[in-house]
Amino acid sequence: MTTEPQSTPPSRRRRVIQWTLIGIVTLLGLYTLVGFVVLPWWIESYGAGILGDRLQRPVTVTEAAFNPFKFTLELKDVSIREADDQPLASVGRIFVDLEPSAYLGGPATVRTVAIDHPELFVHRLPDGRINLAQLAPPPAEPEPKADDTEPVQFLVADFRLNGGKVVFRDETVGGFETTASSIDAKVTNLTNQAGQKAAYALALATGAGEAIKLEGDLALADAVAAEGRLEVSGVPLDHYAPYYKNFVGFGKAAGHVDLALAIGEQRQRQFDGQAC
């Protein structure tokens, strides 16, 4: 005598399906809530404060947004100030577009990094210290690494910095100050994968009338290898008199300097410039 296996009643199957769907929708709703609401709120309310505690400087983030389905993060009006409330660094907008599928295999990939209108205030104090150096934590003892440890492979497909500004003040030479503005930088295919090179370009101007352009290729696979060209034009000699007037027999030099440097993979540099 054989017995037929009992089948699951249709009503029970329906309940299993219903509760499964409810669970999926609930998890999806929680994921959406955390990504769109909780994470940005945490960054604005607590993340900036945690970073400020580490830097021992006030840090603020006016607006944060994260898309958990596209894996994009956007921060607006990020500011770091000195303890005396003087500006140290600020960024109008930071946008990061991650490639989540890359973490399942292959190099860690970031599709896009965009930094808009950053400003940096570099101050050399009378004792020669740089204000930015005070942000760095004390050096830790290096941990021993195995010789066969493979570095983590990464790829930043597109990096852009738009409309940057750097203000430099040097108290060791009587308060010398200069400003670099209109700083634009672009790097594509930045990776440490073998056989790959990144292309980079940088351009800026200064309030003293100088213009600087740098462009070329960069490889990071086995060792840092770069090639390209650096052009500097319109450097006014009288503007930098505080740095040389105590070592020469005159107060200021007239004219300006234009120069170009070729950067080779073997770290060889060629000078191709002249003073006017």
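Residues numbered from 1 in each chain as written. Predicted model: local features only at pLDDT ≥ 70, side-chain atom pairs only at ≥ 80, totals over all residues. Heavy atoms only, no water.

### Digging into the overall build of the protein
The line we're drawing: Runs of H or I in DSSP of at least four residues are treated as helices and runs of E of at least two as strands, each being numbered from the N terminus. Relative accessibility decides the category of a residue: with a 1.4 Å probe and only protein chains considered, values under 20% of the type maximum give buried, values over 50% give exposed, and everything between is partly exposed. Note on contacts: a residue pair qualifies if any of its non-hydrogen atoms lie within 4.5 Å across the two residues. Per-residue accessibility takes into account occlusion by the displayed protein chains alone, with areas from the Shrake-Rupley method and a 1.4 Å probe.
Across its full length, the protein holds two helices and twelve strands. Walking the protein from its N terminus toward its C terminus, one meets helices and strands in the order α-β-β-β-β-β-β-β-β-β-α-β-β-β. Counting all 276 residues of the protein, 26% fall into the buried class. Sequence separation of 24 or more characterises 45% of the internal contacts of the protein that already satisfy a separation of 6 or more. For the protein, the exposed surface amounts to about 18400 Å²; the carbon and sulfur share of it is 59%.

### Re unusual backbone geometry
Of note in this structure, Asp85 is not a glycine but carries a positive phi near 75°. For Asp85, the position within the fold is in the loop between strand E2 (72-81) and strand E3 (87-98). Owing to a relative accessible area of 47%, Asp85 belongs among the partly exposed residues under this scheme. The backbone of His117 sits at a positive phi, close to 55°, despite the residue not being glycine. Position of His117 among the secondary structure elements: in strand E4 (residues 108-124).

### Let's talk about the pairing of strand E7 (residues 198-206)
Counted only if it meets this: Strand pairing follows a simple DSSP-based rule, namely that at least 2 bridges must link the two strands.
Looking at chain direction, strand E6 (residues 176-191) and E7 are connected through seven bridges and run antiparallel. Directly across from Val187, in E7, lies its bridge partner Tyr200. Pairing of E7 with strand E8 (residues 211-219), which is carried by eight bridges, proceeds in the antiparallel orientation. Residue Ala205 lies in a different strand from E8, and its bridge partner there is Ala211. The turn linking E7 back onto E8 is made up of four residues, and Gly209 within it adopts a positive phi angle of 95°.

### Points about the pattern of salt bridges
Under the convention used in this document: Within this document, salt bridges are pairs made up of a side-chain nitrogen of Lys or Arg and a carboxyl oxygen of Asp or Glu, the two lying within 4 Å of each other.
Overall, the coordinates contain 13 salt bridges when judged by the stated rule. One salt bridge connects Arg93 with Glu74, and the closest N-O pair in it is separated by 2.6 Å. Of this pair, Arg93 sits in strand E3 while Glu74 sits in strand E2, and the two are 19 residues apart along the sequence. Owing to a relative accessible area of 24%, Arg93 belongs among the partly exposed residues under this scheme. Measuring nitrogen to oxygen at the nearest pair gives 2.6 Å for the salt bridge that ties Asp127 to Arg129. One connected set of salt bridges, linked through shared partners, spans Glu74, Arg93 and Asp116.

### Digging into the side chain of Thr206
Worth spelling out the cut-off: Whenever two N or O atoms come within 3.5 Å, that pair is a polar contact, provided that in protein one can donate a hydrogen and the other can accept it, and provided that, for residues adjacent in sequence, both atoms are side-chain atoms.
Tracing the backbone shows Thr206 in strand E7. Residue classification places Thr206 among the buried residues on the basis of a relative accessible area of 15%. In this structure the side chain of Thr206 is engaged in a polar contact, spanning 2.5 Å, whose partner is the side chain of Glu210. Excluding its chain neighbours within four sequence positions, the residues that come into contact with Thr206 are Thr179 and Ala180.

### Here we look at the side chain of Asp97
When you line up the elements, Asp97 lands in strand E3. When residues no more than four places from it in sequence are discounted, the contact partners of Asp97 are Lys70, Phe71, Thr72, Val110, Arg111 and Thr112.

### Section: the environment of Val96
Inspection of the secondary structure puts Val96 in strand E3. Between the alpha carbons of Val96 and Leu75 there is a distance of 9.0 Å; along the sequence they are 21 residues apart. If we ignore the near neighbours within four places in the chain, the residues touching Val96 are Phe71, Thr72, Leu73, Val110 and Thr112.

### Side note on the nonpolar core
Applied cut-off: Nonpolar cores are built from buried Ala, Val, Leu, Ile, Met, Phe, Trp, Tyr and Cys residues. Side-chain atoms within 4.5 Å join them into one set.
Of all hydrophobic cores here, the largest spans 17 residues; its most connected members are Val61 and Leu75. Contributing elements (two or more residues each) for this core: helix H1 (10-55), strand E1 (59-67), E2, E3 and E4. If we skip the residues at most four places from it in the chain, Leu75 touches Ile43, Val61, Glu63, Ala64, Gly92, Arg93 and Ile94.

### Considerations on the packing of aromatic side chains
Quick reminder of the rule: Each Phe, Tyr or Trp ring (for Trp, its six-membered ring) is paired with any other whose centre lies within 6.5 Å, and the angle between the two planes then decides the class: stacked below 30 degrees, edge-to-face above 60, tilted in between.
As enumerated under the stated definition, the model contains six aromatic pairs in all. Ring geometry for Trp41 versus Tyr46: centroids 5.4 Å apart, planes at 75°, classification edge-to-face. Note on Trp41: relative accessible area 46%, which makes it partly exposed. Between Phe66 and Phe71, the aromatic rings sit 6.2 Å apart at their centres with planes inclined by 80°, giving edge-to-face as the arrangement. Under the relative-accessibility criterion, Phe71 is labelled partly exposed at 27%.

### A look at the confidence of the model for the protein
Using the following cut-off: Across the chain, each position has a pLDDT score giving the predictor's confidence in that residue, from 0 to 100.
In the predicted model, the protein carries a mean pLDDT of 86, and the fraction of residues at 70 or more is 86%. Low pLDDT, under 50, characterises residues 266-276; the predicted model gives this stretch 24 contacts beyond four residues in sequence or across chains.

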